[in-house]
Structures are given as structure tokens and as C-alpha cells.
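The primary structure of each chain is shown beneath.
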Amino acid sequence: MPTNLIRAGLIRAMRRWHLEHFIVGASRDATVALRRLSGIDRRIIGAYFTENDHPKLHIGAGHFPLSGWLNTSWFPVDRGCVFMDATRAFPFPDDSFDHVMSEHMIEHVAHSGAATMIAECHRVLRPGGRLRLTTPDLGFLINLLRDDLDDRQVRYIGALAAVYGIEASGIATFNHFVRAWGHAFIYTPEELARMLTAAGFTAISFHRLNESDDPALRNIEHPERMADGFLQLESMTLECTKPKAPRRAVSHGLGSDAAAPHTARPSGRVPL
């Protein structure tokens with residue numbers, strides 16, 4: 001029997017008996033345990049900070065590591081990638097990175113875990129550092145339920161129907177999307193911006209894939225994950241800044257402290 005037919009049969013059997021997640025989880029746990037015993041993650045992290053004056057953290061690298069970034073993943077598959085559970089405390093000191101980014105990862109963890117992830121991003125960023133998040137937009141899915149779909153939306157629905165064997169309709173696509181690929185929570189721009197603001201981020205802005213006012217945050221997404229511009233169609237990209245600390249009053253040795261020039265804390269209001 002051809003190898004591809006055997007493989008397909010095994011996959012169907014695993015899914016039928018709900019073994020797929022068990023096997024993946026067991027493989028991942030064994031991988032993480034071996035990495036901890038070998039100390040490989042500590043060595044990769046130490047070497048990265050030694051070699052980089054402007055550290056950049058990539059959360060959820062998966063099969064798409066970025067050159068010049070410290071790539072992390074819940075299940076490291078790339079040799080240079082470090083294990084990290086982004087829903088728990090990050091293994092880095094405060095104020096460690098100039099930039100943090102994550103592409104299509106935050107939707108795979110529960111809302112509470114995402115809140116922890118965002119708070120940890122704020123903690124490990126240096127004052128003035130920037131966070132960039134790309135994730136599906138719930139508004140895009142809601143718009144698929146309209147009657148007046150444009151050509152791109154129709155092609156998107158048709159493409160998913162052809163690949164996943166679902167009905168070629170907006171409601172079928174909506175329901176498949178929110179449950180497929182390990183998705184746990186799909187955000188609106190307003191909800192994600194609210195969480196970023198609550199964590200202390202300011203200057204929230206929206207961008208297209210691979211476009212940014214910050215050179216370090218350009219051309220780091222992977223639209224080739226999907227054909228025909230579909231990744232841009234379903235995605236939203238937010239950037240935000242960890243504010244710099246206000247300047248402290250400086251003593252001039254005259255018996256009283258003269259106040260340093262006032263540095264206003266940036267507004268927490270979100271430009272939506």
C-alpha cells in the first residue's frame with residue numbers, strides 16, 4: 001500500500017479516536033523535558049543577548065522563525081527556537097527587549113492566557129519599546145454573514161469550502177473558523193485594544209501586514225501562509241508602545257529639590 005495512503009489512514013484513525021491531540025501533546029511534553037535537561041534553551045537565550053544590542057522577541061514562531069529575533073514557541077520545531085508558554089511568566093527579566101511581536105498566535109490561547117501574555121509583553125519590553133500583534137479580526141468573520149459580499153469574500157468562502165469540505169456559505173465559514181486550527185478566542189479590534197490599554201500600552205495604531213512606521217517591525221509577517229491575499233483579508237495588525245518613565249525631580253544641592261521638566265504620561269485613549 002502506498003505510503004501516503006497509510007499516512008492518511010493513520011490520521012483518520014487518530015482523529016476518529018481523538019488521539020491526535022494526545023499524541024501531539026505527549027510528543028511536545030517529551031521535547032520540552034529533553035530541552036530542559038539539556039539546558040539548550042538557556043544557552044540559546046544567553047547567546048542571543050550576548051550577540052544582540054537591540055533584542056527582539058518573537059512569540060509563537062512555529063515554522064516561521066525570524067532572523068535576528070529570539071524565536072520562541074510552545075512546541076519548538078526549529079533548531080534555534082526556544083520553548084516558552086506565553087500564557088505564563090516569560091523567562092526574561094524586566095525591560096529586556098526593544099521589540100516584541102506575535103503573528104497569528106494569540107487567538108490560540110484562552111482570553112485569560114492572552115491577558116497574561118500581553119501583561120508579560122509589557123513587563124519585558126524596555127520603556128519606549130514596541131509590541132506588534134497580528135491576529136484574525138472577528139469583524140471580518142461577521143461581515144461574511146452579510147448578503148452583499150464582495151469578490152474577495154466570495155473567493156475566501158469558496159477556498160475554505162474546497163479545502164475543508166464545508167458548505168460554501170458565510171455562516172458555515174464563520175463556524176468553521178472559530179473552532180478550527182486550535183482557535184480559542186477571536187478578537188475585535190476594540191477588545192484587543194482595550195486589553196493592551198489595560199496592560200499599560202499606549203499609542204495603539206493599526207497597520208497592514210508587513211507595513212510599519214518602525215523599520216524593525218516591517219516585513220515580518222508571512223502572507224504566503226494563504227493564497228490570494230487571504231491572510232491580509234482576515235487579519236488585523238496592532239502596534240503599541242510601552243511608555244517611557246517620567247523624569248524624576250533632580251536635586252541641585254540648594255536645600256530644596258527643583259522639579260525637573262514635566263514629562264506627561266501618554267494618554268491611554270485608543271485611536272480606533
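Small disclaimer: the values here were computed from a predicted structure and weren't measured.

Colleague: Explain the sheet that holds strand S1 (residues 56-59) to me, please; I cannot follow it from the model alone.
Modeller: Backbone-to-backbone hydrogen bonds pair the strands of a sheet. The strands run either parallel or antiparallel. The sheet built from 7 strands is open, its strands ordered S3-S2-S1-S4-S5-S7-S6 with mixed pairing. The open sheet is flanked by strand S3 (82-83) and strand S6 (202-207), the only strands paired with a single partner. Here 7 bridges tie strand S5 (residues 125-136) to strand S7 (residues 235-241), and the two strands are oriented antiparallel to one another. Bridge pairing links Thr134 to Thr237 in S7. Contacts from helix H8 (residues 189-198) reach S5, S6 and S7, with the element oriented near 20 degrees to S7.

Colleague: Help me understand the packing of helix H6 (residues 151-164) against helix H7 (residues 170-179), please; the structure alone is not making it clear to me.
Modeller: Helix-helix packing: each pair is described by the crossing angle between the helix axes and the interaxial distance. Two elements in contact, H6 and H7, have axes separated by 10 Å at closest approach and are oriented at 60 degrees. Classified by chirality, the crossing of H7 by H6 is left-handed. Contacts between H6 and H7 involve Tyr156, Ile157, Leu160 and Tyr164 from the first element and Gly170, Thr173, His176 and Phe177 from the second. Of the residues in the contact of H6 with H7, the class split is 5 nonpolar, 3 polar and no charged.

Colleague: Would you take a moment to explain the pattern of salt bridges for this structure?
Modeller: A side chain with one charge may pair with a side chain of the opposite charge, provided their charged atoms come close. Scanning the model with the defined rule gives 13 salt bridges in all. The partner of Asp151 in a salt bridge is Arg155, and the shortest N-O contact between them spans 3.1 Å. Within this pair, Asp151 and its partner Arg155 are both found in helix H6, separated by 4 residues, close to a single helical turn. Its relative accessible area of 53% is what places Asp151 among the exposed residues. With a closest N to O distance of 2.8 Å, Arg194 and Glu191 form a salt bridge. Of this pair, Arg194 and Glu191 are both found in helix H8, 3 residues apart, which corresponds to roughly one turn of the helix.

Colleague: What is the right way to look at the pairing of S5 in this model?
Modeller: Most of S5 is tucked away: 9 of the 12 residues are buried. In terms of strand pairing, strand S4 (residues 97-103) meets S5 through 6 bridges, oriented parallel. Across the sheet, Met101 pairs through a bridge with Arg132, a residue of S5. As for the winding sense of the linkage, the β-α-β connection from S4 through helix H4 (residues 111-124) to S5 is right-handed.

Colleague: Could you clarify how one ought to interpret unusual backbone geometry in this entry?
Modeller: Peptide bonds are trans in most cases, and residues, glycine excluded, mostly fall at negative phi. The backbone phi angle of Asn210 is positive, close to 65 degrees, even though this residue is not glycine. Along the chain, Asn210 falls in the loop between S6 and helix H9 (230-234). A positive phi angle, close to 60 degrees, is found at Asp228, a residue other than glycine. What makes Asp228 exposed here is its relative accessible area of 55%.

Colleague: For this particular structure, what's the right way to read H8?
Modeller: In an α-helix there are 3.6 residues to a turn, and that puts residues three or four apart on one side. For H8, the set of buried residues is Pro189, Leu192, Ala193, Met195 and Leu196. The buried residues of H8 occupy an angular sector of 160 degrees when projected down its axis, which confines them to one face. On its buried side, H8 packs onto H4, S5, S6 and S7. Taken from the residues just after H8, Gly200 is the one with a positive phi, measuring 110 degrees.

Colleague: What exactly am I supposed to notice about the packing of aromatic side chains here?
Modeller: Each aromatic ring pair is characterised by the separation of its centres together with the angle its planes make. On inspection of all chains with the given rule, the structure shows 9 aromatic pairs. A ring pair is formed by Phe140 and Tyr156, whose centres lie 5.0 Å apart and whose planes are at 85 degrees; its orientation type is edge-to-face. You can see Phe140 sitting in helix H5 (residues 138-143) and its partner Tyr156 sitting in helix H6, a full 16 residues away along the chain. Here Phe140 matches Tyr156 in class, with each residue buried. The rings of Tyr48, Phe49, Phe92 and Phe97 are connected pair by pair, giving a single aromatic cluster.

Calculation criteria
Note on numbering: residues in each chain are counted from 1, in written sequence order. Owing to the predicted nature of the model, reporting of local features is limited to residues with pLDDT of at least 70; listing and counting of side-chain atom pairs is limited to 80 or more, with chain, interface and lining totals taken over all residues. Only hydrogens and water are set aside; all other atoms, that is, all heavy atoms of the structure, feed into the side-chain values. Strand pairing is defined by DSSP finding a minimum of two bridges between the two strands. Secondary structure elements follow DSSP: runs of H or I no shorter than four residues count as helices, runs of E no shorter than two count as strands, and numbering proceeds from the N terminus. By the convention used here, residues are in contact when the closest approach between their heavy atoms is within 4.5 Å. An axis is simply a line fitted to the C-alpha atoms; with a helix, the fit covers only the stretch in contact. Between two such axes, the angle follows the N-to-C directions and lies from 0 to 180 degrees. For any helix crossing, the convention is left-handed if the near helix is rotated counterclockwise from the far helix by under a right angle, and right-handed if that rotation is clockwise. Under the convention adopted here, Pro, Cys and the residues Ala, Val, Leu, Ile, Met, Phe, Trp and Tyr are nonpolar, Asp, Glu, Lys and Arg are charged, and Gly plus all remaining residues are polar. Basic side-chain nitrogens of Lys or Arg form a salt bridge, by our definition, when they fall within 4 Å of a carboxyl oxygen of Asp or Glu. Three labels apply to residues, based on accessible area from a 1.4 Å probe with only protein chains included: buried if under 20% of the type maximum, exposed if over 50%, partly exposed otherwise in between. A crossover counts as right-handed when, viewed with the strands pointing away from the observer, the path leading from the first strand over the helix to the second turns clockwise. Directions pointing from the helix axis toward each C-beta atom define the arc. Here a pair means two rings of Phe, Tyr or Trp (six-membered ring of Trp) with centres within 6.5 Å. Their orientation is stacked below 30 degrees between planes, edge-to-face above 60, and tilted elsewhere.

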